[in-house]
Amino acid sequence: MTGLLSSIGGQFSKSLILGTMLPTILFVALSQSILVYMLPSEWINYLPFQNWDVQWQVVLVLFLIVILSGILHNLNSAIIRLYEGYPWKQSKLGDWCIQAQRRELQVLKAREEVLRQVQLAIGNDKDDLYQEANREFTEIGRKRNGNFPNDESLILPTRLGNAFRSFEYYPDHQYKMDAVMLWRRLVAVMSKEYGEAINNDKAYFDFTLNCSFLSYLLSVGILGAFLSHAYSFATKPLIILWIGTSIFFFIIGYWFYVIATGRAKEYGDAVKGAFDLYRGDLLKQFGYSLQPQTRQSERVVWGKISRQMIFGDGVKGARIEYTEVSEDYPVVQTEPQEVRVEIARGVQLTSNTRIVKHFIKIKNVDAYKVDGTHMPRDISTLTVQDYLSDEFSYEWDSAMVLKKDIQGQNVQAQVHVEGTNPFTFHLGNLPYEEEVVLEYNAARVNGIAQVGE
């Protein structure tokens, strides 16, 4: 998911000063003051620039700051990945950290479920205990959604990594949008003000993360210098000073890491908001006139757009069209052609809230006249095409037809079905002034079926 991070950093041009150059200046200043103060004098005499004029020493420091800032800026994604735990998540330490993070998420989910059951048991939302449980439930939900991805399989070893995973997979979880593929396009339709807000949040995050990284680097550098030349620091006060300074900067590094984790959540909230607020504008910019009316239908649309962008056409052509299906359904086809029929349709909810029964009634009302003589026509072959919205799928082997047999008795028979959507139902023959009723079940893909949806 680092493509999302690099795209964000590349698209918004926040000043390099706050995010990268300021931490570098602090790092160079601390390194110079601390190391020069703590290093033995004979070490310092070996440094060639000690004999330079002051102005050239200033030029050298500024040159180092520029170079280090550029390196730090270009390593931004790599540093973030290091802090997220990608390079070491397969190690024993990484596995232990992942299990610890996963247990924390499971505890939050268990508390959420307990509070949900408490609210259901109380029932009365005016009750003080119900409201207290609801407040705690909301707080836990906010913590879970901000600190962890929705899927436990996506857990990373560190809190920072899981905070990033939370917003990296938010567009897919909410809308089935591929965040990495769509982010650069979303930036193009975003308002300038909102883009600047995201840029600011990213700069504040970069500042704290780079301060943490450089503090750790300084801590390790001080400890390394001490261990490699311990003979030069034989006195106990100097040993305590060097080791204590190293520990101090390590603690500072962790302190900045904790702050960076909080900044990552704020930055993530801004990225989530961008998808919430501007996905409709992006859909129009793509040229689609589709206007999804439900969350599920919107997920289907964005899922198809994402797959179209990643994989191109499917085996049957484009995965999604720019406009809604324009043909009115159901479509009745007869043999002989153009036999006049009357059509009625309706739905019926079942005890299973995921299933909706669809009914289509067709009556042959054709009256063909030859030289003024009434010549009614029978339908020898009757087929019906029907289209299901994206929220529903056809329930296999559920299509039945109710019609009269040769004795005039109503009988029900299985219907042969073809196609994937629209579906084609083969109903056989239909004599003049007789009717058939096609019945089939549609299963809601996700959620509970409701009348009017």
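Residues numbered from 1 in each chain as written. Predicted model: local features only at pLDDT ≥ 70, side-chain atom pairs only at ≥ 80, totals over all residues. Heavy atoms only, no water.

Undergrad: Got a minute to help me understand the packing of aromatic side chains in this structure?
TA: Between two aromatic rings, the relevant description is the distance of the centres plus the angle of the planes. Tallied over the entire structure, the rule returns 19 aromatic pairs. Cluster of aromatic residues (ring-pair linked, three or more members): Y83, Y216, F250, Y254 and Y257. The positively charged end of R81 is found above the aromatic ring belonging to Y86, 4.2 Å away from the centroid. (Phe/Tyr/Trp six-rings, centres within 6.5 Å; stacked < 30°, edge-to-face > 60°. Lys NZ or Arg CZ within 6 Å of the ring centre and 35° of its normal.)

Undergrad: Even after reading the chapter, I still don't get the sheet that holds strand β6 (residues 379-386), so can you show me in this structure?
TA: Pairing between the strands of a sheet is mediated by backbone hydrogen bonds and can be parallel or antiparallel. As summarised here, the arrangement of the 4 strands in space is β1-β6-β11-β10, forming an open sheet in which the pairing is antiparallel. The sheet terminates laterally at β1 (331-335) and β10 (416-418), the two strands that pair on one side only. On average, each strand axis in the sheet is tilted by 25 degrees relative to the strand beside it, whichever way the strands run. Bridge count for β10 against strand β11 (residues 423-430) is 3 bridges, and the pairing is antiparallel. If you follow V417 over to β11, its bridge partner there is F425. (Pairing = 2+ DSSP bridges. Helix = DSSP H or I, 4+ residues; strand = E, 2+ residues; numbered from the N terminus. Axes fitted to C-alpha atoms, helices over the stretch in contact; angles between N-to-C directions.)

Undergrad: Is there a simple way to explain the pattern of salt bridges in this structure?
TA: Counted by the stated rule, this structure contains 12 salt bridges. A salt bridge links K357 to E439; its shortest N-O distance comes to 3.0 Å. Placement of the pair is K357 in strand β3 (residues 355-364) and E439 in strand β12 (residues 435-444), with a sequence separation of 82 residues. Its relative accessible area of 18% is what places E439 among the buried residues. Residues R377 and D366 are paired through a salt bridge, measuring 2.9 Å at the closest nitrogen-oxygen approach. Here the residue R377 occupies a position in the loop between β5 (373-375) and β6, and D366 occupies one in the loop between β3 and β4 (368-370), the gap between them amounting to 11 residues. (Salt bridge = Lys/Arg side-chain N within 4 Å of Asp/Glu carboxyl O. Buried < 20%, exposed > 50% of the residue type's maximum accessible area, 1.4 Å probe, protein only.)

Undergrad: Hey, could you run me through the pairing of β11 in this one?
TA: On a regular strand, each side chain points to the face opposite its neighbour's, so the side chains alternate between the two faces of the sheet. Sheet topology note: the β6/β11 ladder contains 6 bridges and is antiparallel. Across the sheet, residue L382 finds its bridge partner in β11, namely G428. Connecting the antiparallel pair β10 and β11 is a turn made up of 4 residues, with G419 showing a positive phi of about 95 degrees.

Undergrad: Help me understand helix α8 (residues 159-168) in this model?
TA: Because each turn of an α-helix spans 3.6 residues, side chains separated by three or four positions end up pointing in the same direction. Most of α8 is tucked away, with 9 of its 10 residues classed as buried. Among all positions of α8, only L160, G161, N162, A163, F164, R165, S166, F167 and E168 are buried.

Undergrad: How should I be thinking about the environment of G428 in this particular structure?
TA: With respect to the helices and strands, G428 occurs in strand β11. Assessed through its relative accessible area of 33%, G428 is described here as partly exposed. In the structure, G428 is positioned 94 residues away from T334 in sequence and 9.8 Å away in space, judged by C-alpha atoms. Those residues in contact with G428, other than ones at most four positions away along the chain, are S380, T381, L382 and K403. (Contact = heavy atoms within 4.5 Å.)

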